[in-house]
Structures are given as C-alpha cells and as structure tokens.
Amino acid sequence: MRKIYITEDIKNHKKGIEILEKLSSYEVVESEKTFIDMILSKNLSYEEEKKYMLFTVKKGKFLKKYHLDKQFLGIKEEYYLSYENNCPFNCLYCYLRDYFSHGAFVFYVNLEDMFSELDGFTKKMSMISAGIVNDSLVLDSITNVTKDLLDYFKNRKDLVLELRTKSHNIKNLLELEPIENLLVSFTFSPQEIIDRYELKSSSLEARIEAARKLQEKGYSLGLRFDPIINIESRKLHYGKMIDKVFQNLDCAKIRDIGIGGLRYKKGLRQKVLAERNTDLFFNELVIGIDGKERYFKKIRIDMYKEMTEKIKLYGDFDVYLGMEPKYVWDQIF
C-alpha cells in the first residue's frame, strides 16, 4: 500500500491539481526536506522506502547533463530530465540507491518551469532522456506526464525525447498519437535476471508485448540490453532473450540498441548486501577509470561480442556501448 504525501504548494500548479483529483487520500508535509527527514528517521529498508511517494515543487534545474568520464566514448542520451526521482521497482544493481539518499518516489509538479527551461535549450538534435533517474512509464497512470512531454516535444523537432522503461504500463501512450522525435526505449533482460535482480519490474514477456503494441501504434523503439550480468550459462540465457525480443518485434522499427555491462560504485554493494543475500557481486570485478566496479575487460568484451554477433543475425542496427572507452569499442565494432 502506497503512502502518499504532498506539499501544499502543488495546489498552485495545473499538474498538482490534476494529480490531487486522482488521489483518494494523502498527508501534507511542510517541504521535500521534511519528507526526506521523516523517511530517514523511520530507519526503513530500501524496499520499505519505495512505498512512500511525494508530490512537490522543484526549486532547482530540471535539465541535467549526463556525467561521462572523458575517456569514455559518447552515449546517445547526453542530457536527461529530472521531473521525478526513483521508481517502485527494486533492481538490486540500480545506481539510484547511491545517487539519492532514499528510495521514495518524488514527482515535481511544476512542469511549466521545466518546459520554460527547455525553451532556452538550443543544442539541436540532442537526445534528452526522461528515464535516467526514474522509470518513464511505471507510474504514468498517476502522473500522466507522457501527455505533457509529447505535447511539448511535438513542437521541438530539433530535439529527440527518450522514454526509458522496464514497465508495461503503456495505456496512456496508446491513447496518444506518436511523434517522430520520440523514442520509447525498453530495457530487456533474460527472465532469469529479472527474477533474481530486477525485483517487482515487469516480466520479459510483458515488456515485449508492450513494445510490440507500441510499434503497432506507430512508435519508434530503442532497445537497451544494460546491464548485462555475467551469470552461469550467460550466452544461452541472453541468446534466448534476444531471439524472443527480435522474433516478436518489427526489426525495421528499431531505431537504436544500447548495450552495457554491470557497473556500480563500491558503496552500492555494501548497501544491498546489508539488506539481502545476493550473488550479484560475486564475480571477477575491477575498479574502472570512473571509480565504478565492473567486470574485467576480457569478460566485458566477450559479453559484448556475444550480444552483437547474435543481434546481427536479425539485421544491421545502430548499436552503441554504454560507459566504455575507445579500445573496447574498437574490439567490438
């Protein structure tokens, strides 16, 4: 059962009023800080924190530049929007465990300020992701933010909007008309990975079916195989997953594919292991140039080669690697 909180000032914003009409009950807190202090004082587990939601007004910037170590080659999603933080899924490897001080969902209702900020952004053809510090779709039935985003970006053809998700909550998107500069990116993992490490997220079958329905509606898709996790019989599990994805989707309507390996800051491992037993971190890992732990180069290159060789069986796609230096790209491509 979700525990919903608001700050009074959301009533001064259109989106705040819209959301309040959907909420049957809620509690009022003084500020976002009051809410966070309250969450932390309860000494809750990360999973328990995820039951809490706050709707408030953002005081800072919405548009952020993705921090990338200068030795890594560029990624597509160079910028991202932070109109909401966290999601109800409990992926054990999620870097948001370290990025934010808590696991509660926070949504900022002053979207007009976000769009005003975007009005001043003029770097043409940039991809702006709406799923880096959140899941773009999982709570869209409450926020209906996809409509606001599409309404704005249909008039900003100089930019590309990415919605990234592990959810199958596509009801609102199916009721909207697709726009050309929108990419809906699904993160796909073998069901074995979902069961062990992507707790409470949608099943592989549900994600594929949602992606298929969006393609039929006319949406362009991005595929994200990230993070790849070095489990036993890795090649078999990921190969079967790729077959299932590509055999159920229209390959001609896949715009790009992103691939990446498991990576995390050392503090993440300690936080997760303090709460639950998992074999996620029991592997050959090394600290990379960005301070994150990741698999040894040989393991990563083998993973990427297995994936790209399998993907090539279904066509010639625009494939890129996430958080990897040039020498790894050179070996894969």
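To be clear, the structure that these remarks concern was listed above.
Overview of the structure. (Residues numbered from 1 in each chain as written. Predicted model: local features only at pLDDT ≥ 70, side-chain atom pairs only at ≥ 80, totals over all residues. Heavy atoms only, no water.)

Here's the deal with the packing of helix α5 (residues 111-119) against helix α7 (residues 145-153)
Logical step 1: α7 packs onto α5 with a crossing angle of 25 degrees between their chain directions and a minimal axis gap of 12 Å. As far as their axial angle goes, α7 and α5 are roughly parallel. α5 and α7 meet at a crossing whose hand is right-handed. Residues Leu111, Met114, Phe115, Leu118 and Asp119 of α5 touch α7, and the partners they reach there are Val145, Asp148, Leu149, Tyr152 and Phe153.
Logical step 2: Residue composition of the contact of α5 with α7, grouped by class: eight nonpolar, no polar and two charged. (Axes fitted to C-alpha atoms, helices over the stretch in contact; angles between N-to-C directions. Helix = DSSP H or I, 4+ residues; strand = E, 2+ residues; numbered from the N terminus. Parallel < 35°, antiparallel > 145°, perpendicular 65-115°, else oblique. Left-handed = near helix turned anticlockwise from the far one by under 90°. Contact = heavy atoms within 4.5 Å. Nonpolar A, V, L, I, M, F, W, Y, C, P; charged D, E, K, R; others polar.)

Considering the nonpolar core
Logical step 1: Counting 116 residues, the largest nonpolar core has Phe35, Phe55 and Leu149 as the members making the most contacts within it.
Logical step 2: With six residues, the top contributor of residues to this core is helix α13 (residues 297-312).
Logical step 3: Residues contacting Leu149, with those up to four places away along its chain left out, are Leu81, Tyr83, Met114, Phe115, Ala130, Leu161 and Leu163. (Core = buried A, V, L, I, M, F, W, Y, C linked by side-chain atoms within 4.5 Å. Buried < 20%, exposed > 50% of the residue type's maximum accessible area, 1.4 Å probe, protein only.)

Observations regarding the sheet that holds strand β1 (residues 3-7)
Logical step 1: Strand order in the open sheet formed by five strands is β2-β1-β3-β8-β6, with mixed pairing between adjacent strands. The sheet terminates laterally at β2 (27-29) and β6 (84-85), the two strands that pair on one side only.
Logical step 2: When β1 meets β2, the two strands line up parallel, connected through three bridges. Its bridge partner being in β2, Ile6 is matched across the sheet by Val28. (Pairing = 2+ DSSP bridges.)

Looking at the sheet that holds strand β11 (residues 182-187)
Logical step 1: Across the sheet, eight strands lie side by side as β4-β5-β9-β10-β11-β13-β14-β18; this open sheet has mixed pairing. Strands with a single pairing partner mark the edges of an open sheet, and in this sheet they are β4 (63-65) and β18 (319-321). Within the sheet, the average angular offset between the axes of one strand and its neighbour, ignoring direction, is 25 degrees.
Logical step 2: As judged from the five bridges shared by β11 and strand β13 (residues 220-228), these two strands associate in the parallel manner. Along β13, the bridge assignment pairs Phe186 with Leu223.
Logical step 3: Packing of α13 onto the sheet brings it into contact with β13, β14 (254-261) and β18, and relative to β14 it is tilted by some 160 degrees.

Some words on the packing of aromatic side chains
By convention here, two paired aromatic rings are described through the distance between centres and the angle between planes.
Logical step 1: All told, the structure shown has 17 aromatic pairs when counted by the stated rule.
Logical step 2: A ring pair is formed by Phe115 and Tyr152, whose centres lie 4.8 Å apart and whose planes are at 15 degrees; its orientation type is stacked. Here Phe115, found in helix α5, pairs with Tyr152, found in helix α7; they are 37 residues apart in sequence, far enough to count as distant.
Logical step 3: Considering the side-chain rings of Tyr152 and Phe153, the 5.3 Å spacing of their centres and the 80 degrees angle between planes classify their relative orientation as edge-to-face. Here Tyr152 matches Phe153 in class, with each residue buried. (Phe/Tyr/Trp six-rings, centres within 6.5 Å; stacked < 30°, edge-to-face > 60°.)

Concerning the pairing of strand β8 (residues 105-108)
Logical step 1: Neither face of β8 is left uncovered, since the one carrying Phe105 and Phe107 and the one carrying Val106 and Tyr108 both have all their residues buried.
Logical step 2: One ladder, built from four bridges, connects strand β3 (residues 52-56) with β8; its direction is parallel. Bridge pairing links Phe55 to Phe107 in β8.
Logical step 3: Bridging between β6 and β8 involves two bridges; their strand directions are antiparallel. Directly across from Asn85, in β8, lies its bridge partner Val106.

Some points on unusual backbone geometry
Logical step 1: Across the junction of Asp226 and Pro227, the peptide omega takes the value 5 degrees, indicating a cis bond.
Logical step 2: Take Pro227: it is sitting in strand β13.
Logical step 3: Backbone geometry at Asn43 places phi at a positive 55 degrees, although glycine is not the residue there.
Logical step 4: You will see that Asn144, though not glycine, has its phi angle at about 50 degrees, which is positive.
Logical step 5: Residue placement: Asn144 occurs in the loop between α6 (140-143) and α7.

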